[in-house]
Amino acid sequence: MTNLMSRSMKGRIMESKTMENKSSMSAETKPQKDIAVLAYSGGLDTSVCIKWLQENYGVDVVAVVGDVGQEHDGLEKIKAKALATGAIDCLVVDMREVFAEEYLSKAIAANAMYENKYPLVSALSRPLICKHLVDAAHKYGAKYIAHGCTGKGNDQVRFESSVLMLDPELEILAPVREWDLGCRADEIAWAAAHDVPVEATTAKPYSIDDNFWGRAIECGVLEDPAIEPPSDIWTMTVDPQDAPDEPTYVDVAFEHGIPCGLNGVKMSFLDIVYAMNTIAGSNGYGRIDMVENRLVGVKSRECYEAPGALALICAHKALEDLCLERGVLHYKLGIEQTWADSVYNGLWFSPLKDALDAFLASTQQCVTGSVKLKFYKGSCVAVGRTSDYSLYDFGLATYDASDQFDHNAAKGFIELHSLSCKVWAANRLAMGAKMDSFAAVKETKCQFADNDDSSSEGGIPSAKMTGEFVPGGISSKCQLVDEDSIAHPHVINMADAVELETLA
């Protein structure tokens, strides 16, 4: 009996293993869907994207939600919505600390302002989001990265360029650029027909993108650049007219170019940005209304709110004025614009931008100190700055009795400073070069008196340069006209011509 039971048990075990093997083989032979990782916000566009990608590309969708300080109703709610729409998974990533320490720190070093106005709000967050999209693609073995950008904006360039620089083998899907849903009403109707849960209406007047560095507002009535922006677009700043009647002062501390404290209290960069958003915004500072040149060739009317960003850049510039050597400071201005253009154009991960970062980092080694900002009814001004690395020398700068500047050195300095251009000017004048800068010489009046007339009052004859140079370029004719309009042609050399120009 024992042997029979043993054989029976062995038989059942073998049968069970055979069934497991068959089940395993069935799973292995079942075709797997390709995976697309989608940059997901929870809004109408990206919610429709999930279902549209499933139906039109036959893919499974993994949604990635990045928290960069944008306004939202709850990230877990957004995750639940993605899963309810059909995503096989949704990753929620808090990117705020990294955004401040690794991205905004570089922007501050560059005093980053596209077209010297816009502190690159959206352009700075996109590469960080893309890094997490690529990480998710590697984690899930995804073939595609997808986004919800239109075919007319800058963000499509930023997303796709960043992804392809991080992993050139990934493929890009851009549903909004491909589908035939021409307007918001079409998207809402499509969502309803395909059981996509959305809480959207056709009444949305503006397109808004935000993070804790600022807000970007466009569309609606803002598309007419002649119309003043309605007051309801601003949420981070009060109307300057309603700002406090007394100024607000804030001391911003920097260490190696990075904000590290407010009013004597040490704080993280992230916390400082949040605090400055409140302080600057409550004083009506931080609004931008501009016509912007997009990378795709379109001029676009854009409004931005970036109270903390603009205030911190203002303070950083003031400290650099104190600490950076003149040549470095002047050269850095061009680097800053190139850096801003590169980031605006989606080239965060490019070799040029990396090289610019290296230069900028070297300039920040001694940008350590404190700047006092004054906020008043929409304005922000640096009214004080101190640093142990200050290159401001009171003894050299003052005009009082303690002046240590060597005034006598100026004459020789000017001689050497202008020597090259002086030689150039003498040569071009002598050769009769026709240049606008010499027009004054050609029109100079030669005023001198001969020995007979010099003593009589009002007896100095007037003269007029003809502007005709003698071949060889060493002299010119000067037509002299005395009080009786008697012409006396003379020939003078070029040295006299230059002297006559000075007398005139």
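Let us look at the structure shown here. (Residues numbered from 1 in each chain as written. Predicted model: local features only at pLDDT ≥ 70, side-chain atom pairs only at ≥ 80, totals over all residues. Heavy atoms only, no water.)

1. Details of the overall build of the chain
- Helix and strand counts for the chain stand at 16 helices and 17 strands.
- A total of 504 residues make up the chain; the buried ones form 40% of that total.
- Considering only intrachain contacts with a sequence separation of at least 6, the fraction spanning at least 24 residues in the chain is 68%.
- When the accessible area of the chain is evaluated, it comes to approximately 27,100 Å², of which 54% is carbon and sulfur surface. (Helix = DSSP H or I, 4+ residues; strand = E, 2+ residues; numbered from the N terminus. Buried < 20%, exposed > 50% of the residue type's maximum accessible area, 1.4 Å probe, protein only. Contact = heavy atoms within 4.5 Å. Areas by Shrake-Rupley, 256 points an atom, 1.4 Å probe, with all protein chains shown as cover.)

2. What about the side chain of Asp67?
- Mapped onto the elements, Asp67 comes out in strand E2 (residues 60-67).
- On the basis of relative accessible area, Asp67 is assigned to the buried category, the value being 7%.
- At a separation of 3.0 Å, a polar atom in the side chain of Asp67 contacts the main-chain amide nitrogen of Gly69.
- If near-sequence neighbours (up to four positions away) are discounted, Asp67 is found in contact with His72, Leu75, Val93, Asp94, Met95 and Arg96. (Polar contact = N/O pair within 3.5 Å; in protein donor to acceptor, adjacent residues only side chain to side chain.)

3. Description of unusual backbone geometry
- Of note in this structure, Asn111 is not a glycine but carries a positive phi near 45°.
- The exposure class of Asn111 is buried, given its relative accessible area of 4%.
- One non-glycine residue, Lys377, lies in positive phi territory at about 45°.
- Following the sequence through the fold, Lys377 ends up in the loop between strand E13 (369-376) and strand E14 (379-386).

4. Brief notes about the sheet that holds strand E7 (residues 214-218)
- Reading across from one edge, E6-E7-E12-E11 is the order of the four strands in this open sheet, with antiparallel pairing throughout. The strands lining the two open edges of the sheet, one partner per strand, are strand E6 (207-211) and strand E11 (287-293). Across this sheet, the average inter-strand angle for adjacent strands is 25°, counted without regard to direction.
- Sheet topology places E11 next to strand E12 (residues 299-305); seven bridges connect them, and they run antiparallel. The residue of E12 that forms the bridge with Glu292 is Ser300.
- The strands that helix H5 (residues 121-140) touches are E6 and E7; relative to E6, the one it contacts most, it runs at about 65°. (Pairing = 2+ DSSP bridges. Axes fitted to C-alpha atoms, helices over the stretch in contact; angles between N-to-C directions.)

5. A word on the packing of helix H9 (residues 269-282) against helix H10 (residues 307-323)
- The contact between H9 and H10 brings their axes to 7 Å, and the two run at 105°. Relative to H10, the element H9 is oriented roughly perpendicular. Across the interface between the two elements, Phe269, Ile272, Val273, Met276, Asn277, Ala280 and Gly281 of H9 pack against Pro307, Gly308, Ala309, Ala311 and Leu312 of H10. (Parallel < 35°, antiparallel > 145°, perpendicular 65-115°, else oblique.)

6. Let's talk about the nonpolar core
- Leu120, Leu124, Trp213, Met276, Trp339 and Leu373 are the most contacted members of the largest nonpolar core, which has 82 residues in total.
- Setting aside residues up to four positions removed in sequence, Met276 forms contacts with Val250, Val252, Leu262, Gly281, Pro307, Gly308, Ala311, Leu312, Leu373 and Phe375.
- Cys49, Trp52, Cys90 and Ile188 belong to the second-largest nonpolar core, a separate cluster that totals 28 residues. (Core = buried A, V, L, I, M, F, W, Y, C linked by side-chain atoms within 4.5 Å.)

7. A look at the pattern of salt bridges
- For the structure shown, the criterion picks out 19 salt bridges.
- Put simply, Glu305 and Arg215 hold a salt bridge, and the shortest N to O gap is 2.7 Å. Residue Glu305 is located in strand E12, and its partner Arg215 is located in strand E7; the two are separated by 90 residues in the primary sequence. Arg215 carries the same exposure label as Glu305, and that label is buried.
- Between Arg301 and Asp289 there is a salt bridge, with the nearest N and O atoms lying 2.7 Å from each other. Taken together, the residues span a long stretch of sequence, with Arg301 in strand E12 and Asp289 in strand E11 at a distance of twelve residues.
- Arg301 gets classed as buried once you look at its relative accessible area, which sits at 9%.
- By sharing partners, the salt bridges in this structure join Arg126, Asp155, Arg158 and Asp209 into a single network. (Salt bridge = Lys/Arg side-chain N within 4 Å of Asp/Glu carboxyl O.)

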